[in-house]
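Structure at a glance
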Amino acid sequence: EWELKSRDTVTGKYFQVCLCDEAKHFNDSRSQCELNKFDDMMSFLANEVPNMRQVIAVDETFEIFSRAWCIAEINEALVLRIPQALVLS
């Protein structure tokens, strides 16, 4: 499963890390990592953006609900009392 999710579903090629000269920060440098900050960002947006809402776009196979980070974002919006809208494709 990890192998499949590491590839573009259209081309089948592996996702590439950006080739720019900027330093890349992953979980091995947690304070600088941008991959684990969604809860902080959602809190910031909820406080700073008037009428902030979350749109939950659900695909025909409901795959969104099998992705841990999607469930975490939906839950964080509930905790922060961000209004949510569910859209089925």
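1. As for the packing of aromatic side chains
Overall, the coordinates contain one aromatic pair when judged by the stated rule. Arginine 7 extends its terminal NZ or CZ atom over the ring of tyrosine 14, reaching a point 3.9 Å from the ring centre.

2. Regarding the packing of helix H2 (residues 38–48) against helix H3 (residues 68–79)
Contact geometry of H2 with H3 gives a least axis separation of 10 Å together with a crossing angle of 35°. When the axes of H2 and H3 are compared, the crossing they make is right-handed. Of the residues in H3, those in contact with Phe38, Asp39 and Met42 of H2 are Ala72, Glu73, Glu76 and Ala77. Considered class by class, the residues forming the contact of H2 with H3 number four nonpolar, no polar and three charged.

Quick notes on the rules
- Residues numbered from 1 in each chain as written.
- Predicted model: local features only at pLDDT ≥ 70, side-chain atom pairs only at ≥ 80, totals over all residues.
- Heavy atoms only, no water.
- Phe/Tyr/Trp six-rings, centres within 6.5 Å; stacked < 30°, edge-to-face > 60°.
- Lys NZ or Arg CZ within 6 Å of the ring centre and 35° of its normal.
- Axes fitted to C-alpha atoms, helices over the stretch in contact; angles between N-to-C directions.
- Helix = DSSP H or I, 4+ residues; strand = E, 2+ residues; numbered from the N terminus.
- Left-handed = near helix turned anticlockwise from the far one by under 90°.
- Contact = heavy atoms within 4.5 Å.
- Nonpolar A, V, L, I, M, F, W, Y, C, P; charged D, E, K, R; others polar.

Purely geometric numbers; function is a separate question.
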